[in-house]
Amino acid sequence: MQVYLNGAYLDATMATISPDDRGFLFADGLYEVFLAYDGRILLGEPHAARMRAGLVALQIDTSPADQLLPVADRLLELNQLRQGPALIYAQVTRGAAPRRHSFPAPGTPPTVYLRVKQFASQPAELFANGAAAITVPDTRGSRCHVKSVALLPNVLANEAAHAAGALEALFVRDGVVIEGSHSNVMAVIGDQLVTYPPCNYILTGVTRNCVLDLARALGVTVREGPIFASALADVQELFVTGTTLEVMPLVSVDGRPVADGRPGPLATRLLQEYRRLA
Ligand code: PMP
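Keep in mind the model is a prediction, meaning the values are calculated, not measured. (Residues numbered from 1 in each chain as written. Predicted model: local features only at pLDDT ≥ 70, side-chain atom pairs only at ≥ 80, totals over all residues. Heavy atoms only, no water.)

## Some details on the domain arrangement of the protein
For an interface, size is often stated in terms of accessible area lost upon the parts coming together.
Item 1. Considered domain by domain, the protein is made up of domain 1 (2-118) and domain 2 (124-276).
Item 2. Here the C-alpha centre of domain 2 lies 34 Å away from the C-alpha centre of domain 1.
Item 3. Contacts between domain 1 and domain 2 engage 12 residues on the former and 12 residues on the latter.
Item 4. Interface area for domain 1 against domain 2, summed over the two sides, is near 980 Å², with a carbon-plus-sulfur share of 68%.
Item 5. Its largest share of buried area at the contact with domain 2, domain 1 owes to His 101, Ser 102 and Phe 103, together 49% of the area lost on that side. (Domains from an automatic or database assignment. Contact = heavy atoms within 4.5 Å. Buried area = accessible area lost by both parts, 1.4 Å probe.)

Encoded structure:
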């Protein structure tokens, strides 16, 4: 079986990608699946157009969408799949780069992979008699409590922060700041330290829990509740916690200063206490 990988046609057993590929690390990519009958690609243009639109949305170079149909055609030829039904699988990722949420250095080439195989329709009996389905709750996008590698929304959020000259992006759901792209968020409101409660919409950070314990040990009252985005102007302190950001004071959000625009005393103290654990 010949496959296409990054400009070359090669035996499938020789096709390898880096473990640092952002598709592997972040699900930072997209794919298309389409059919060919006797070498004629079915609905090729709409598939290429959808890939192009997706690449634009993800800010990945769109040239893989231009190559999609010619490469698929060549693979059908190379694999003697010009007779009968064939299935084409195509995947493009943002490429391989040292792991960080924001985009890699400009010029990092996308990873482009295509393979083909014989297509077999579902059994004729099912088309004749019909098939069964079940219903499930739509939990897509609501399993943030799992430290899953399905991080594309986090990647795009963090890149938006970087593009704006900021360090972190704070996710707002229904008007509430719930967590960062790779951190948890805490605010000092009145005399309480407030952070979002553990639930399926946030990753309950190991750092978060540790910092809350440190705060309690300092006699601070901790409240697991909402930090309203509309009330950010009124908080005494704002900071994020995470393995890589440690305890990072936030002094501006969306270009507006937080409190007096300087790291607050609790964040500073908690960073000290946290680092003392090392
Ligand atoms: N939320 C998200 C979405 C994260 O990716 C991270 C970093 N893993 C955190 C919170 C903070 O988790 P931790 O303190 O365990 O690093």
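## Overview of the sheet that holds strand 10 (residues 192-195)
Item 1. Here we have five strands laid out as an open sheet, ordered 11-10-9-12-13, and mixed in their pairing. For this open sheet the edge positions go to strand 11 (221-224) and strand 13 (246-249), each flanked by a neighbour on one side alone. For this sheet, the mean angle separating the axes of adjacent strands, direction not counted, is 25 degrees.
Item 2. When strand 9 (residues 184-189) meets strand 12 (residues 237-242), the two strands line up antiparallel, connected through five bridges. In the sheet register, Val 188 faces strand 12, and the bridge partner there is Glu 237.
Item 3. In the packing of helix 7 (residues 265-276) onto the sheet, the strands contacted are strand 9, strand 10, strand 12 and strand 13, and the crossing angle to strand 13 comes to about 160 degrees. (Pairing = 2+ DSSP bridges. Helix = DSSP H or I, 4+ residues; strand = E, 2+ residues; numbered from the N terminus. Axes fitted to C-alpha atoms, helices over the stretch in contact; angles between N-to-C directions.)

## Considering the sheet that holds strand 3 (residues 29-37)
Item 1. Taken in spatial order, the six strands of this open sheet run 2-1-6-5-3-4, and their pairing is antiparallel. Both outer strands of the open sheet, strand 2 (8-11) and strand 4 (40-41), are each paired with one neighbouring strand and no more.
Item 2. With two bridges joining them, strand 1 (residues 2-5) and strand 6 (residues 111-118) adopt antiparallel strand pairing. When the sheet's bridge partners are listed, Tyr 4 is paired in strand 6 with Leu 114.
Item 3. The strands touched by helix 2 (residues 44-57) are strand 3, strand 4 and strand 5 (85-93); relative to strand 3, the strand with the most contacts, the crossing angle is about 175 degrees.
Item 4. Against the sheet, helix 3 (residues 63-78) makes contact with strand 1, strand 2, strand 3, strand 4, strand 5 and strand 6, and its axis sits at roughly 35 degrees relative to strand 6, the strand it touches most.

## Regarding the nonpolar core
Item 1. Judged by nonpolar contacts, the single largest core of 25 residues is most densely connected at Met 51, Leu 55, Leu 68, Leu 76, Ile 88, Val 92 and Leu 114.
Item 2. Broken down by secondary-structure element, the contributors of at least two residues to this core are strand 3, helix 2, helix 3, strand 5 and strand 6.
Item 3. No other element matches helix 3, which puts seven residues into this core. (Core = buried A, V, L, I, M, F, W, Y, C linked by side-chain atoms within 4.5 Å. Buried < 20%, exposed > 50% of the residue type's maximum accessible area, 1.4 Å probe, protein only.)

## Some words on the packing of helix 6 (residues 206-217) against helix 7
Item 1. The N-to-C vectors of helix 6 and helix 7 enclose an angle of 110 degrees; their axes lie 10 Å apart at closest approach. Judged by the angle between their axes, helix 6 and helix 7 are roughly perpendicular. For the pair helix 6 and helix 7, contact is made by Thr 207, Cys 210, Val 211, Leu 214 and Ala 215 and by Leu 270, Glu 273 and Tyr 274, respectively.
Item 2. Its residues assigned to classes, the contact of helix 6 with helix 7 comprises six nonpolar, one polar and one charged. (Parallel < 35°, antiparallel > 145°, perpendicular 65-115°, else oblique. Nonpolar A, V, L, I, M, F, W, Y, C, P; charged D, E, K, R; others polar.)

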